[in-house]
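Analysis of the macromolecular model
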Amino acid sequence: MRRSPTPTPTRIPVPPLLLGLALLLLVSLVCGVRLGAAGIGWTAVFRFLWAGLTGGTVHADDVAAYTIVWEIRLPRVVLGAVVGAGLAAVGVAVQAMVRNALADPFVLGISSGAAVGANAVILLGAFAGLGVWALSASAFASALAAMVLVYAVARSPHGLTPLRLVLTGTALAYGFEAVTTVMVFGAARGEAARSAMMWLLGSLGGATWVQVPLAAVTVAAGWAWLRWRAEALNALAMGDETSAALGVRPGRLRRELFLVTAAVTGTVVAVSGAIGFVGLMVPHVVRMLVGADHRRVLAVAPLVGAVLLVWADVLSRLLLAPAELPVGVITAVVGVPAFLLLMRRGGYAFGGR
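Below you will find a few notes about this structure.

A few words now on the overall build of the chain. A tally of helices and strands in the chain yields 14 helices and zero strands. Going from N to C terminus, the chain has its helices and strands arranged as α-α-α-α-α-α-α-α-α-α-α-α-α-α. Counting every position in the chain, which comprises 353 residues, the buried fraction comes to 53%. Contacts in the chain between residues far apart in sequence, at least 24 positions, make up 77% of those at least 6 positions apart.

Here is the structure:
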C-alpha cells in the first residue's frame, strides 16, 4: 500500500502534548481517589496507595478508609480512564468508517443491544447463576448478538457501505431501546427500574478490580490495531475511490473496523453502561489540536477521553453527594455546549478542513 498523504499539518507538536496529557491523567487519577463523599486527607490517600502497591500494612483504625481508597475509588477511576480511552479511540474509528462527523461508538446499535442484556439481569434476574459476572456477561453477550444482527442486515453485495451501516445501526438501536423501555416499565420493583436507568445513562459505581484487566486488555488491543491501520484510516476518510487508488480495500477495511469497534464498544459498555458523548466530542477536540492525521489523532484521543471521563465521574459523585448522578448526565451537560462551541468555530469541518 502506498503511503497516504497527511490530511492536514500538525497544529500542536504531539510529543509535548502527550507528555502533558499523561501527567494530567496521573494527577486526575490521584484526585479521583481523593475526592468523594467520604473525606480522606491527601496524606492518608498517598499512604494507602503506597501500602496497596507495595503490599504494606495499615493500622486497624484505617482499614475502613483503606478499603474506600484501594477497593472502591481506585478501581473506579482506573476503569473510568480505560472506558474513556476506549470510547475516544473507537469514536475516531467510527467517524472514519462511516465518514460522518456526527457518528460515535453507539451509532452501530451495539450499546442499545447491550442494554437489553443488562436490563434482563437487573429487572428480570436473568443469568443469576453467574453471580457478580451476570451483568457484564449478559451485556457483552447481547452486544455481540446486536453486532451480528447489524452486520447481517447492513451487509450487501457491495460490502458494508457507510450509509447502510448508519441507517441499520440507527434503526436497530431504536428497536433495542423499545425492548428495554418495555422491560423498565414492566419492572415490578421500583429500585430495579432506578438501577436500570442508572446503567442506561452510564455509571462506574459498580467498578471492581475484577473488571479492570479484561476492559484494559480489550481497549489496548483495539487501540493498537487502530494505530497500526492509521494510514489506511486516513485514506478511508477521503472516500472509497480515493482509498482504493491508494491501495486500501475499503470494503475489507470497513469490515475489520466494524469488528474491532464493536468488540471494544461491547466490552466498555458491559462494565460501565452507555456513557454518551465521549466518543462523539473527543475526536473533534483532538482534530482541532493536532490535525486530522489519524496517526496523531489516535495517539492523543485516548488520553483526552481518559481525563474527561475521570473528571466526569468525580463530578457525578460530588454534585449531589452522598447520592450519585449517572456519569452520562455529566458528559452530556459538559459535552453539548462544548460541542456546539467547537462547531461554531470558523473553518472547522470533519477531517479538519
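Our focus in this paragraph is helix α11 (residues 250-272). A rise of 1.5 Å per residue sets the reference length of α11, with its 23 residues, at 33 Å; its end C-alpha atoms lie 32 Å apart and thus fit the reference within 8%. Where burial is concerned, most of α11 is hidden: 17 out of the 23 residues are buried. Of the residues one or two after α11, Gly273 is the one with positive phi, at around 85°.

Turning our eyes to something else, we now look at helix α4 (residues 110-124). For the α-helix, the turn length of 3.6 residues means that residues three or four positions removed from each other point alike. Under the 1.5 Å per step criterion, the end-to-end length of α4 is 21 Å for 15 residues, consistent within 8% with the ideal 21 Å. The largest bend along α4 measures about 25° and falls at Ala118. For α4, the tally of buried residues reaches 13 of 15 residues, placing the bulk of the element in the interior.

Once that is clear, we can look at the packing of helix α2 (residues 42-54) against helix α3 (residues 63-98). Following both chains from N to C, one finds α2 and α3 inclined at 70°, their axes separated by 9 Å at the closest point. The angle between α2 and α3 places the two elements in the roughly perpendicular class. Listed contacts from α3 to Val45, Phe48, Leu49, Ala51, Gly52 and Leu53 of α2 are Ala65, Tyr66, Val69, Trp70 and Leu74.

This paragraph deals with a nonpolar patch on the surface. Among the surface-exposed residues, Leu315, Leu319 and Leu320 lie close enough to one another that they form a single nonpolar patch of about 270 Å² accessible area. Here Leu319 lies in the loop between α13 (294-318) and α14 (327-344).

Moving on, we get to the pattern of salt bridges. In this structure the tally under the stated criterion is eight salt bridges. Its salt-bridge partner being Arg252, residue Glu256 comes within 3.3 Å of it at the nearest N-O pair. In this pair, Glu256 and Arg252 both sit in helix α11, four residues apart, roughly one turn of the helix. With relative accessibility at 44%, the residue Arg252 sits in the partly exposed group.

In contact at an axis separation of 8 Å, α4 and helix α6 (residues 162-185) are set at 10° when each is read in the N-to-C sense. Classed by the angle they form, the pair α4 and α6 counts as roughly parallel. Across the interface between the two elements, Ser112, Gly113, Ala115, Val116, Asn119, Ala120, Leu123 and Leu124 of α4 pack against Ala173, Phe176, Glu177, Val179, Thr180, Met183 and Val184 of α6. Across the contact of α4 with α6, the residue classes tally to 10 nonpolar, four polar and one charged.

So, about the side chain of Asp293. Examined against the element boundaries, Asp293 turns out to sit in the loop between α12 (278-290) and α13. Polar side-chain contacts of Asp293 include one of 2.5 Å to the side chain of Arg295.

Tallied over the entire structure, the rule returns four aromatic pairs. Ring centres 6.0 Å apart and planes at 85° place the aromatic pair Phe48 and Tyr66 in the edge-to-face group. Residue Phe48 is located in helix α2, and its partner Tyr66 is located in helix α3; the two are separated by 18 residues in the primary sequence. Exposure remark for Phe48: the relative accessible area of 1% places this residue in the buried category. It is Arg229 that lies over the ring of Trp228; its NZ or CZ is 5.5 Å from the centre.

Quick look at unusual backbone geometry now. The phi angle at Phe277 is positive, at roughly 80°, despite the residue not being glycine. Here Phe277 lies in the loop between α11 and α12.

For Ala215, the location among the structural elements is in helix α8 (residues 211-228). The sequence separation of Ala215 and Val271 amounts to 56 residues, and the corresponding C-alpha distance is 7.7 Å. Setting aside chain neighbours within four positions, we find Ala215 in contact with Leu79, Val82, Thr267 and Val271.

Conventions we followed
- Residues numbered from 1 in each chain as written.
- Predicted model: local features only at pLDDT ≥ 70, side-chain atom pairs only at ≥ 80, totals over all residues.
- Heavy atoms only, no water.
- Helix = DSSP H or I, 4+ residues; strand = E, 2+ residues; numbered from the N terminus.
- Buried < 20%, exposed > 50% of the residue type's maximum accessible area, 1.4 Å probe, protein only.
- Contact = heavy atoms within 4.5 Å.
- Expected span 1.5 Å × (residues − 1).
- Bend = angle between axes of the 7 residues up to and from the residue.
- Axes fitted to C-alpha atoms, helices over the stretch in contact; angles between N-to-C directions.
- Parallel < 35°, antiparallel > 145°, perpendicular 65-115°, else oblique.
- Patch = residues over 30% accessible without salt bridge, like charges linked within 9 Å, V, L, I, M, F, W, Y side chains within 5 Å.
- Areas by Shrake-Rupley, 256 points an atom, 1.4 Å probe, with all protein chains shown as cover.
- Salt bridge = Lys/Arg side-chain N within 4 Å of Asp/Glu carboxyl O.
- Nonpolar A, V, L, I, M, F, W, Y, C, P; charged D, E, K, R; others polar.
- Polar contact = N/O pair within 3.5 Å; in protein donor to acceptor, adjacent residues only side chain to side chain.
- Phe/Tyr/Trp six-rings, centres within 6.5 Å; stacked < 30°, edge-to-face > 60°.
- Lys NZ or Arg CZ within 6 Å of the ring centre and 35° of its normal.

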